[in-house]
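# Structural features, examined
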Amino acid sequence: MNIATEPCVFIVDDDEDIRTSLSRALRTRGYNTQVFDSAHAFLAGYDPARSGCLILDYGLPQMNGLELQQVLVNRGRALPIIFITGHGGVSEAVRAMKFGAVDFLEKPFRQEALLARIDTALQIDAKARDVDNALKMTQNKLKSLTQREREIAEFLVLNPSNSSSKDVARHLDISPRTVDHHRARILDKMNVQSVAELVDLALTYQLFEKPET
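Residues numbered from 1 in each chain as written. Predicted model: local features only at pLDDT ≥ 70, side-chain atom pairs only at ≥ 80, totals over all residues. Heavy atoms only, no water.

### Focus on the packing of aromatic side chains
Stated formally: Two aromatic rings from Phe, Tyr or Trp, using only the six-membered ring of Trp, form a pair when their centres are within 6.5 Å; if the ring planes differ by under 30 degrees the pair is stacked, by over 60 it is edge-to-face, and anything between is tilted.
In total, this model carries six aromatic pairs according to the counting rule given. With centroids separated by 5.0 Å and ring planes inclined at 10°, the aromatic side chains of Phe 42 and Tyr 46 adopt a geometry described as stacked. Among the aromatic residues, ring-to-ring pairing joins Phe 10, Phe 36, Phe 42 and Tyr 46 into one connected group.

### A closer look at the pairing of strand β3 (residues 52-57)
Each regular strand carries side chains that alternate between the two faces of the sheet. As a reminder of what qualifies: Per-residue accessibility, obtained with a 1.4 Å probe over protein chains only, is compared with the maximum for each type, and a residue is labelled buried under 20%, exposed over 50%, and partly exposed between these values. What counts as a helix is a DSSP run of H or I of at least four residues, what counts as a strand is a run of E of at least two, and both are numbered from the N terminus. Criterion used throughout: strands pair if DSSP finds at least two bridges between them. A crossover counts as right-handed when, viewed with the strands pointing away from the observer, the path leading from the first strand over the helix to the second turns clockwise.
In terms of residue burial, β3 counts as a mostly covered element, since six of its six residues are buried. Burial along β3 is two-sided: Gly 52, Leu 54 and Leu 56 facing one way and Cys 53, Ile 55 and Asp 57 facing the other are all buried. Note: strand β1 (residues 8-12) against β3, five bridges, orientation parallel. Counted as the bridge partner of Ile 11 is Ile 55 from β3. In this fold, the crossover linking β3 to strand β4 (residues 81-85) by way of helix α3 (residues 65-75) has right-handed handedness.

### A short note on unusual backbone geometry
The omega torsion of the bond from Lys 107 to Pro 108 falls at -5°, within 30 degrees of zero and hence cis. With respect to the helices and strands, the residue Pro 108 is situated in the loop between β5 (103-106) and α5 (111-143). Positive phi, close to 65°, is recorded for Gln 62, a residue that is not glycine. Along the polypeptide, Gln 62 turns up in the loop between β3 and α3.

### Things to note about the layout of surface pockets
Selection rule: For each structure, a 1 Å grid was placed over the protein atoms alone; sets of points admitting a 1.4 Å probe that cannot get out are labelled cavities, open sets with protein on both sides within 12 Å along at least five of seven lines are labelled pockets, and lining residues have an atom within 4 Å of a point. Grid points are joined across faces, edges and corners, and a volume is the space filled by probe spheres set on the points. When residues are grouped by polarity, Ala, Val, Leu, Ile, Met, Phe, Trp, Tyr, Cys and Pro land in nonpolar, Asp, Glu, Lys and Arg in charged, and all others, Gly among them, in polar.
As a volume, the largest pocket reaches approximately 270 Å³. Around the largest pocket, the lining comprises 13 residues; the ones closest to its centre are Tyr 46, Pro 48, Arg 77, Ala 78 and Arg 129. Those elements giving two or more residues to the lining of the largest pocket turn out to be α3 and α5. For the lining of the largest pocket, the per-class residue count stands at five nonpolar, two polar and six charged.

### Overview of the sheet that holds β1
Strand pairing in a sheet takes place through backbone hydrogen bonds and is either antiparallel or parallel in direction. Definition in use: Only C-alpha atoms enter the line fits that serve as axes; for helices the fit covers just the stretch in contact. Angles between N-to-C directions range over 0 to 180 degrees. Contacts were defined at the residue level, with two residues in contact if any of their heavy atoms lie within 4.5 Å.
The five strands lie next to each other as β2-β1-β3-β4-β5, forming an open sheet whose pairing is parallel. Either end of the sheet is taken by a strand with one partner, and the two such strands are β2 (32-36) and β5. On average, adjacent strands in this sheet sit at an angle of 20° to one another, irrespective of strand direction. Direction of pairing for β3 relative to β4: parallel, over a ladder of four bridges. Opposite Leu 54, over in β4, you have Ile 81 as the bridge partner. Across the sheet, α5 touches β1, β3, β4 and β5, and the angle it forms with β3 is around 135°.

### Considerations on the environment of Val 35
As for its position among the elements, Val 35 is in strand β2. Overall, the relative accessible area of 39% leaves Val 35 in the partly exposed class. Along the backbone, Val 35 and Ser 23 are twelve residues apart, and their C-alpha atoms lie at a distance of 7.4 Å. For Val 35, the contacting residues outside a window of four places in its chain are Ile 11, Arg 19 and Ser 23.

Below you can see the structure in the form of structure tokens.
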């Protein structure tokens, strides 16, 4: 596997000794690592397409760890973060966890504890990316529908108790045979076997929203 496609443990700490020691220890255990000496350096060099997790020093100068976390959250789904700190308090830890941090470890910490958190963080990231990929694939399938197919699919999803061909035909002022033709193409394009599966798929990924009354 190309190393660029493998998960990476990103380390952001302004202490060179910590960056070096952490990176060396993780590499000896088989992890890929990339180090940065500031939040700004990380933001400039991080590729969001690269999977992994972030070991982040809370007490960074200029932009601290919590501020970097907020920037990442505002940009979309953030990497799972493991905060490390020598002086963080309870309020900082609570805020970090509120925005999705995996843990808030105080220095000095046991290496075994950090490794366990890293494995958890990588699993979280992998699952989240699987969900993102599935959503993108489903959205692409939806985009493949014609305008008429989308109208029918939306009616079927939002009106599951009135999903007969006659119901749809009456709503759209077309023939039931035309509805049957489009329904078959919709199921094929969306890769589902039935209208019930289409409804489940739409609910899972919130493909259609019921209009407000």
